[in-house]
Amino acid sequence: MLSGTRPILHSLQSGCTPYAAAGVLASIGLITFYSRSNSPLTPTANSVSTIERPKTFRGGPAFTSLTLDSIEKLNHDTSRFRFKLPTPEHVSGLSLTSAILTVTRPGGWKPVIRPYTPTSDLSEPSFLDLTIKRYPNGQASTHIHNLQPGDSLFVLAALRAYPWKQNEFRHVTMIAGGAGITPIVQLIRGIFTNPDEKTKVTLLFGVNRDEDALFKDEFNKYQEQYPDRFKVVYTVTNPEPNSEFRRGRISKELIKETLGEEGVGGKVFLCGPPAMEEAMMGSRRGGNKGVLGELGVERRQIFRF
């Protein structure tokens, strides 16, 4: 559906295609493209507690500002920004695999539109967290990293990526690189906080340095609580001496070693830098099937955020 926008999308910093596509479409006045299905971001089984609470976002255009409450530095270039919802009783109203489309004006008048995935529990009232990496030439990320508590962030719209259905797949594989972990962690949390969900998840998470393994404590907790349903494998390009992680990138050999005879399962969710995504998916034009294609995964089985 978005294939015609892909040449433009790689210029956006998120590296996660449907969300980036929304930024392009919104910037030319086509945000209603994402509302044509007439399916609002209604709470799912993963967020039943939101039903009786006022919702901040209801799908499609939002045109609202969120006030920054606090900042938590996670590593040298990534921080967690906690924004207040309109009242302590408000919840986000977002469903799994949702993002918000933000508008900043780093240089004064010219707007910069970027999608960011909330990384807090979507059913929690009063606040919403964004985990954002600061890029050297990133106008939006630099602007947000310069915000102080009390400053505001304008949200143009709420967007939904993949229409997750409870227990649709017996097993799914998730592959994340760097900051591409944000939509992945949102989906994983939704799966493992839903008592009716039985889906098995395997996560391969590639990062540059040890400190970039964000959400490690949460992932380890799920692995301990659900040893038969959740497995996470980290690989680090430049690990520290005596690192607890393996060295290297996500490769065909690592995927085969991790998944064994079971394979990737019914669906693969992918998000990371463009080079990593291309290595995994290959190129239609060049006839390169990519690592996943070489493992027998069909393109229709892959969802790229």
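Residues numbered from 1 in each chain as written. Predicted model: local features only at pLDDT ≥ 70, side-chain atom pairs only at ≥ 80, totals over all residues. Heavy atoms only, no water.

Counted according to the given criterion, the structure contains 15 aromatic pairs. By way of ring pairs, the aromatic residues Y162, W164, F169, F269, F303 and F305 are connected into one cluster. For R82, the ring lying beneath its charged end belongs to F127, and the centroid distance is 3.7 Å. Just above the ring of Y226 sits the side chain of R229; from NZ or CZ to the centre is 5.3 Å. (Phe/Tyr/Trp six-rings, centres within 6.5 Å; stacked < 30°, edge-to-face > 60°. Lys NZ or Arg CZ within 6 Å of the ring centre and 35° of its normal.)

Averaged over the protein chain, the pLDDT score is 85; the fraction of residues at 70 or greater is 83%. Highest mean pLDDT in the protein chain belongs to strand 2 (residues 78-84) (98); lowest belongs to helix 1 (residues 6-9) (34). Considering only residues more than four positions removed or in separate chains, one finds that residues 1-15, a stretch of pLDDT under 50, has 31 contacts. (pLDDT = per-residue confidence, 0-100. Helix = DSSP H or I, 4+ residues; strand = E, 2+ residues; numbered from the N terminus. Contact = heavy atoms within 4.5 Å.)

Here six strands make up an open sheet; going across it, the order is 4-3-6-1-2-5 and the pairing antiparallel. With partners counted over all chains shown, the strands left at the sheet margins are strand 4 (112-116) and strand 5 (127-133), one partner each. For this sheet the average axis-to-axis angle between neighbouring strands, irrespective of direction, equals 40 degrees. Two elements, strand 2 and strand 5, share seven bridges in a ladder whose sense is antiparallel. Looking at strand 5, one finds that F83 is bridged to L128. (Pairing = 2+ DSSP bridges. Axes fitted to C-alpha atoms, helices over the stretch in contact; angles between N-to-C directions.)

Both faces of the sheet carry side chains from a regular strand, because those side chains alternate between them. By the criterion of burial, strand 9 (residues 230-236) is predominantly enclosed, with six of the seven residues buried. Examined bridge by bridge, strand 8 (residues 200-207) and strand 9 share seven bridges and lie parallel to one another. Its bridge partner being in strand 9, V201 is matched across the sheet by F230. In terms of handedness, the path from strand 8 via helix 5 (residues 216-225) over to strand 9 forms a crossover that is right-handed. Alignment of strand 9 against strand 10 (residues 246-247), held across two bridges, turns out to be parallel. If you follow V236 over to strand 10, its bridge partner there is R247. (Buried < 20%, exposed > 50% of the residue type's maximum accessible area, 1.4 Å probe, protein only. Right-handed = clockwise from strand over helix to strand, strands pointing away.)

Under the 1.5 Å per step criterion, the end-to-end length of helix 4 (residues 181-192) is 16 Å for 12 residues, consistent within 8% with the ideal 16 Å. Of all 12 residues making up helix 4, 12 are buried, and the element is well covered by its neighbours. (Expected span 1.5 Å × (residues − 1).)

Below, the discussion takes up the pairing of strand 2. Among the seven residues of strand 2, five are classified as buried, and the element is accordingly described as predominantly covered. Bridge count for strand 1 (residues 60-73) against strand 2 is six bridges, and the pairing is antiparallel. Following the sheet pairing, I71 is matched in strand 2 by F81.

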